[in-house]
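# Summary of the model geometry
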Number of protein chains: 4
Amino acid sequence: MIGKTIQELSLGDSEQIQKTISETDVYLYAGITGDLNPAHVNEEYARKTFFKTRIAHGMLTAGFISTILGNKLPGPGTIYIHQSVNFLAPVRFGDTITVKVEVEEINSEKNRVKFKTTCINQDGTTVLDGEAIVSPPKSA
Amino acid sequence: MIGKTIQELSLGDSEQIQKTISETDVYLYAGITGDLNPAHVNEEYARKTFFKTRIAHGMLTAGFISTILGNKLPGPGTIYIHQSVNFLAPVRFGDTITVKVEVEEINSEKNRVKFKTTCINQDGTTVLDGEAIVSPPKSA
Amino acid sequence: MIGKTIQELSLGDSEQIQKTISETDVYLYAGITGDLNPAHVNEEYARKTFFKTRIAHGMLTAGFISTILGNKLPGPGTIYIHQSVNFLAPVRFGDTITVKVEVEEINSEKNRVKFKTTCINQDGTTVLDGEAIVSPPKSA
Amino acid sequence: MIGKTIQELSLGDSEQIQKTISETDVYLYAGITGDLNPAHVNEEYARKTFFKTRIAHGMLTAGFISTILGNKLPGPGTIYIHQSVNFLAPVRFGDTITVKVEVEEINSEKNRVKFKTTCINQDGTTVLDGEAIVSPPKSA
């Protein structure tokens, strides 16, 4: 149960996951964070907004980046140091999001790796991008 | 149900919320994101890590920043544009986190506001910091 | 709060429950088990499968059998010993499942009862069958 | 996003996952299935039972088997045909369960694979065993 060390990573290595974001996801996330902003949980309100319907929390979508970093690339043992995210387009209930991370820079001396992180919807629209910095697990 | 416009905001304005992060929060968040990294849901594994016990997902804690921005300062109608976060210390189950946002820069021309965002635990340790950029609601 | 003893059970005794399986049920169950198989949580992927849409986890449906055994027949105090299940047809979001258990064999000496267990959808299709062996509660 | 075909599987191939079973898991599962048997959600009642405390639903633990079969071995595209489970010992809140599947029989003609399925707690006690039959994905 240990992920890839920095020696096992190369520029361009990538992994991705996909999930259809459901009302359930958004409502549970609202409950955990207390973010019951009407844009997320009030359809009557949301209908009158620019987006015309309830949308998922931006940070909910961003959370899937960590799912890949911590479980697949580099995987268990990874220390998460930094994440930046730009919210580019809304995620509506029922959208299927592809979350992708790709190795962009490797600093072996400091044991740090920078990843390009992107979330794209079923229509090919990038809804979120940004970058992550992690410290991959060291060999036992 | 509308938040503060940029005219109603001043440098240094701040708001905060607090929550005790529970096992329930972490397990539900793991379920939503699929991030069942052993560091979060496997106590036997976690006991052997540097942190000695299961810890919350960093992005779970970061999610509380949006709760304040979208509900209190500036509040409903705010568009979330950017968030950066530095993960500085672990959040353990039962830790009580104070999440604070503070107006750092105001750009009236572009209708953009930069906030300093900080999460501090019950011992005064900063577990997370970073900054947010939002577009406050315009007056109706 | 005690169920039926073996003396109170007869061959052919049966009980049933019904529930409409929702997206919420499937998403929560995915979160608990970590089974975010795309067949369950990715509509884009599922559309291209034989079933054309997301389906519920087979073991989620099977779990309702225990609900009857432990709460109605025989009821509280029952020890669950064995369950076998055959997955015969998919359960789609919105399907209403009737779960039925029926006494098939009684072994008073060993205090064991075998039940025929069946799950049927709203169209009369058997989606799951199998058998359960339990030890009913003994009288106080 | 496709798992292993029958040609890629060998006798003895195995995979495992681990999770600490929380009160949250049990309460959510109780809510989904409606199995609010006092043995699972009533500590006052449970204290007087043979197990002295609330225990997890047997079928909740069994559900993790499908997590491995559908996501790791064989993985996405697998059709679940049959599962048998023997409930051998209780799972208490806070127990860390290792769930393991191992290829036991391969029938290439019928495209069916039988797996030995086992759940073991942190003390090495087998809490559940049984077998699964699946149809691995066919190559595209």
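The preceding data block contains the structure.
Fair warning: this is a prediction, and the values are worked out from it, not measured in the lab. (Residues numbered from 1 in each chain as written. Chains lettered and ligands numbered in written order. Predicted model: local features only at pLDDT ≥ 70, side-chain atom pairs only at ≥ 80, totals over all residues. Heavy atoms only, no water.)

## Some points on the overall build of chain A
Helix and strand content of chain A: four helices and five strands. In sequence order, chain A lays out its α and β elements as β-α-α-α-α-β-β-β-β. In terms of overall dimensions, chain A has a C-alpha envelope of 55 × 30 × 20 Å along the principal axes. A burial count over chain A gives 54% of its 140 residues as buried. Relative to all contacts within chain A whose residues are 6 or more apart in sequence, the contacts with residues 24 or more apart total 67%. With an accessible surface of roughly 5,900 Å², chain A has 48% of that area assigned to carbon and sulfur atoms. Measuring between centres, the 14 positive side-chain charges of chain A sit 2 Å from its 16 negative side-chain charges. (Helix = DSSP H or I, 4+ residues; strand = E, 2+ residues; numbered from the N terminus. Buried < 20%, exposed > 50% of the residue type's maximum accessible area, 1.4 Å probe, protein only. Contact = heavy atoms within 4.5 Å. Areas by Shrake-Rupley, 256 points an atom, 1.4 Å probe, with all protein chains shown as cover. Lys, Arg positive; Asp, Glu negative; His and termini not counted. Charge placed at Lys NZ, Arg CZ, Asp CG, Glu CD.)

## Digging into the environment of Thr67 of chain C
Looking at the element boundaries, Thr67 of chain C is found in helix 4 (residues 58-71). On the basis of relative accessibility, which here comes to 6%, the residue Thr67 of chain C falls in the buried class. Excluding residues that lie within four positions of it along the chain, Thr67 of chain C makes contacts with Ile17 and Lys72 of chain C together with Thr33, Gly34 and Asp35 of chain D. Polar contacts involving the side chain of Thr67 of chain C include one to the main-chain carbonyl oxygen of Gly63 of chain C, which spans 3.5 Å. (Polar contact = N/O pair within 3.5 Å; in protein donor to acceptor, adjacent residues only side chain to side chain.)

## Looking at the sheet that holds strand 2 (residues 79-87) of chain B
Across the sheet, which stays open at both edges, the 10 strands sit in the order 1(A)-3(A)-4(A)-5(A)-2(A)-2(B)-5(B)-4(B)-3(B)-1(B) with antiparallel pairing between neighbours. On the outer flanks of this sheet lie strand 1 (14-20) of chain A together with strand 1 (14-20) of chain B, each paired with one strand and no other. Each adjacent strand pair in this sheet contributes to an overall mean axis angle of 20°, direction not counted. (Pairing = 2+ DSSP bridges. Axes fitted to C-alpha atoms, helices over the stretch in contact; angles between N-to-C directions.)

## Considering the interface of chain B and chain A
Listed as interface residues are 36 residues of chain B and, on the opposing side, 36 residues of chain A. Taking both sides of the interface into account, the surface hidden between chain B and chain A amounts to around 3,000 Å²; carbon and sulfur atoms contribute 59%. Three residues, Ile32, Met59 and Phe87 of chain B, lead the burial of chain B against chain A; their summed loss comes to 22% of the area buried on that side. At the surface where chain B touches chain A, the tally comes to zero salt bridges. (Buried area = accessible area lost by both parts, 1.4 Å probe. Salt bridge = Lys/Arg side-chain N within 4 Å of Asp/Glu carboxyl O.)

## Looking at unusual backbone geometry
Outside of glycine, negative phi angles account for most residues, and trans bonds account for most peptide bonds. A cis amide bond links Leu73 of chain A with the next residue in sequence, Pro74 of chain A, at an omega value of 0°. By secondary structure assignment, the location of Pro74 of chain A is in the loop between helix 4 (58-71) and strand 2 (79-87). A positive phi is found at Asn111 of chain B, a non-glycine position, where the angle reads about 55°. Along the chain, the position of Asn111 of chain B falls in the loop between strand 3 (96-107) and strand 4 (112-120). The backbone of Lys52 of chain D sits at a positive phi, close to 70°, despite the residue not being glycine. Inspection of the secondary structure puts Lys52 of chain D in the loop between helix 3 (43-47) and helix 4 (58-71). Relative accessible area serves as the criterion here: at 57%, Lys52 of chain D is assigned to the exposed category.

## Structural notes on the relation of the copies chain B and chain A
The two copies are related by a screw motion: chain B maps onto chain A through a turn of 180° and a shift of 0.0 Å along the axis, at an RMSD of 0.1 Å. Such a combination of turn and shift is consistent with a two-fold rotation axis. Identified as the residue of chain B closest to the rotation axis by C-alpha distance is Ser84 of chain B, at 2.0 Å. A high fraction, 100%, of the interface residues of chain B reappear at the interface in chain A, so the copies pair face to face through one surface. (Least-squares fit on C-alpha atoms with pLDDT ≥ 70 in both.)

## Brief notes about the side chain of Thr61 of chain C
Residue and element names in this part refer to chain C. With respect to the helices, strands and loops of the structure, Thr61 is situated in helix 4. Judged by relative accessible area, which is 3%, Thr61 ranks as buried. Apart from residues no more than four positions distant in its own chain, Thr61 is found in contact with Val91, Ile97, Cys119, Val127 and Leu128.

## Some remarks on the pairing of strand 2 (residues 79-87) of chain C
Taken across its nine residues, strand 2 of chain C has seven buried, putting it largely inside the fold. Across eight bridges, the pairing between strand 2 of chain C and strand 5 (residues 126-135) of chain C is antiparallel. In the strand pairing of strand 5 of chain C, Phe87 of chain C is matched with Leu128 of chain C. Strand direction decides the pairing type here: strand 2 of chain C and strand 2 (residues 79-87) of chain D, joined by five bridges, are antiparallel. What sits directly across from Asn86 of chain C, in strand 2 of chain D, is His82 of chain D.

## Notes on helix 4 of chain C
Of all 14 residues in helix 4 of chain C, 12 are buried; the element is thus mostly enclosed. Those residues of helix 4 of chain C not exposed but buried are Met59, Leu60, Thr61, Ala62, Gly63, Phe64, Ile65, Ser66, Thr67, Ile68, Leu69 and Gly70 of chain C.

## Let's talk about the relation of the copies chain C and chain B
Taken as rigid bodies, chain C and chain B are interconverted by a rotation of 180° and an axial shift of 0.0 Å, the fit giving an RMSD of 0.0 Å. The residues that chain C uses at the interface reappear at the interface of chain B in 100% of cases, marking a shared surface.

## Regarding the sheet that holds strand 5 of chain C
The antiparallel open sheet is built from 10 strands, whose spatial order is 1(C)-3(C)-4(C)-5(C)-2(C)-2(D)-5(D)-4(D)-3(D)-1(D). Of all the strands in the sheet, just strand 1 (14-20) of chain C together with strand 1 (14-20) of chain D have a single pairing partner and so form its edges. Strand-to-strand twist across the sheet, computed as the mean angle between neighbouring axes with direction ignored, equals 20°.

## Comments concerning the environment of Arg92 of chain A
Residue and element names in this part refer to chain A. Assignment of secondary structure puts Arg92 in the loop between strand 2 and strand 3 (96-107). Placed 41 residues apart in sequence, Arg92 and Phe51 show a C-alpha to C-alpha distance of 8.7 Å. Setting aside anything within four residues of it in sequence, one finds Arg92 in contact with Ile21, Phe51, Thr53, Arg54 and Ile55.

## Points about the interface of chain C and chain B
How big an interface is tends to be stated in terms of the accessible area lost upon association of its parts. The partner chain B presents four residues to the four residues of chain C that form the contact. Summing both sides of the interface, chain C and chain B together bury roughly 290 Å²; the carbon and sulfur share of this comes to 74%. Sorting the residues of chain C by area buried against chain B places Gly31, Gly34 and Leu36 of chain C first, and these three jointly supply 80% of that buried surface. Inspection of the chain C/chain B interface yields zero salt bridges. Linking chain C with chain B are zero residue pairs in polar contact (both at pLDDT 80 or more), by the criterion used here. Grouping the constituent residues of the side of chain C that touches chain B by class yields two nonpolar, two polar and no charged. (Nonpolar A, V, L, I, M, F, W, Y, C, P; charged D, E, K, R; others polar.)

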